[in-house]
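Given next are the chains, with one letter for each unit.
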Amino acid sequence: MASILIIEDDQRIRERITRALAERGHAIDARRSGFEGLSVALEEQPDVVVLDLGLPDIDGTEVLKMIRAVSNVPVIVATARSEESTIVSLLDAGADDYVIKPYSVDHLEARIRALLRRLDDPAASAVITIGGLVIDRSGREASLDGMELDLSRKEFDLLAHLAGRIGEVISKRELLAEVWREPYGGSDSTIDVHLSWLRRKLGESAAEPRYLRTVRGVGVKLIDPTA
Ligand code: CA
């Protein structure tokens, strides 16, 4: 059971989802406008927010950014727009997961469960040290040689995922599924781009790698270059 905030302006969808999730034992707060939803998200700190993107008063993407500026509350975005670029930019803007409309309550609830399980993982709260790199997964902070790294949400997620299995080659397919939540699609170039940004912030390059080692045709691994 979870406390769930639904931000959805379509009355039919809002009532259907609210009723079905409440029947399953969840505590639901449903709001029809972006600003109302935003204030509830920040004041009530629900376990998870389900955010419609097409809202009457403010674009859902803006609501997402405003939530993300001040809160780590998990957000699942509900979107009718299925283009990959939109989804990638939503995930980069801080969405934890997404559902494509129209979606079933079963599907939404499964996504909520998976998300909460992932966040509950005790391993996810550990601080990991690899050489000069320190990754605090619960605080979502990373530093290199004592200097704090300014990482985007996805760069951090990517680094944290690799840090969970130091020295192990992780396939791009897995990264797309686990970090980008795109088990069936997505493109390797999404990962390549984020890897190159991450590399730059770690002060290394593909030609002169230190922590991030690409294994051609297989995937990427995080290693301790000082070991
Ligand atoms: Ca809408």
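Structure shown above.
Q: How should the coordination of the calcium ion be read in this particular structure?
A: Ideal values for angles at a metal depend on the geometry: 109.5 degrees with four tetrahedral donors, 90 or 180 degrees with six octahedral donors. For the calcium ion, the protein coordination sphere consists of D9 (OD), D52 (OD) and G54 (O), at 2.2 to 2.3 Å. Motif for the calcium ion, donor spacing along one chain: D-x42-D-x1-G. One end of the pair, D9, is in the loop between β1 (3-7) and α1 (11-23); the other, G54, is in the loop between β3 (48-52) and α3 (60-70), and 45 residues separate them in sequence. Given a relative accessible area of 41%, G54 falls into the partly exposed group.

Q: Looking at this model, I keep getting lost on the pattern of salt bridges. Mind explaining?
A: Where charged atoms from two side chains of opposite charge approach closely, those side chains can pair. According to the stated counting rule, one finds 18 salt bridges in the structure shown. Across the salt bridge formed by E62 and K65, the nearest N and O atoms sit 3.8 Å from each other. Here E62 pairs with K65, and both are found in helix α3, just three residues apart, close to one helical turn. With a relative accessible area of 35%, E62 lands in the partly exposed category. The class for K65 is partly exposed, based on a relative accessible area of 43%. The partner of E204 in a salt bridge is R199, with the nearest N and O atoms 3.8 Å apart. Each member of the pair, E204 together with R199, is buried.

Q: Got a minute to help me understand the pairing of strand β4 (residues 75-79) in this structure?
A: In the case of a regular strand, side chains alternate between the two sheet surfaces. Buried residues dominate β4, accounting for five of its five residues. Residues V75, V77 and T79 line one face of β4 and the alternating positions I76 and A78 line the opposite face, and both faces are buried. The sheet contact formed by β3 and β4 spans four bridges and is parallel. The residue bridging L51 from the neighbouring strand is V77, located in β4. Sheet analysis places β4 next to strand β5 (residues 97-100), joined by four bridges and oriented parallel. Bridge pairing in β5 links T79 to I100.

Q: What is the right way to look at the packing of aromatic side chains in this model?
A: Centre distance and the angle of the planes are the two values used to describe a pair of aromatic rings. Applying the stated criterion across every chain yields a total of zero aromatic pairs. Note that R111 overlies the ring of Y98, its terminal NZ or CZ placed 5.7 Å from the centroid.

Q: Can you walk me through the sheet that holds strand β12 (residues 219-222) in this structure?
A: By way of backbone hydrogen bonds, the strands of a sheet pair with one another, either parallel or antiparallel. Strand order in the open sheet made by the three strands is β10-β12-β11, with antiparallel pairing throughout. Only two strands of the sheet have a single neighbouring strand rather than two, namely β10 (170-171) and β11 (212-215). The sheet contact formed by β10 and β12 spans two bridges and is antiparallel. Across the sheet, I170 pairs through a bridge with V220, a residue of β12. Sheet contacts for helix α6 (residues 153-163): β10, β11 and β12; angle to β12, the most-contacted strand, approximately 75 degrees.

Cut-offs used in this document
Residues numbered from 1 in each chain as written. Predicted model: local features only at pLDDT ≥ 70, side-chain atom pairs only at ≥ 80, totals over all residues. Heavy atoms only, no water. Donors = N, O, S within 2.8 Å, 3.2 Å for Na, K, Ca; no water. Helix = DSSP H or I, 4+ residues; strand = E, 2+ residues; numbered from the N terminus. Buried < 20%, exposed > 50% of the residue type's maximum accessible area, 1.4 Å probe, protein only. Salt bridge = Lys/Arg side-chain N within 4 Å of Asp/Glu carboxyl O. Pairing = 2+ DSSP bridges. Phe/Tyr/Trp six-rings, centres within 6.5 Å; stacked < 30°, edge-to-face > 60°. Lys NZ or Arg CZ within 6 Å of the ring centre and 35° of its normal. Contact = heavy atoms within 4.5 Å. Axes fitted to C-alpha atoms, helices over the stretch in contact; angles between N-to-C directions.

Functional significance is not addressed by these values, which are geometric in nature.
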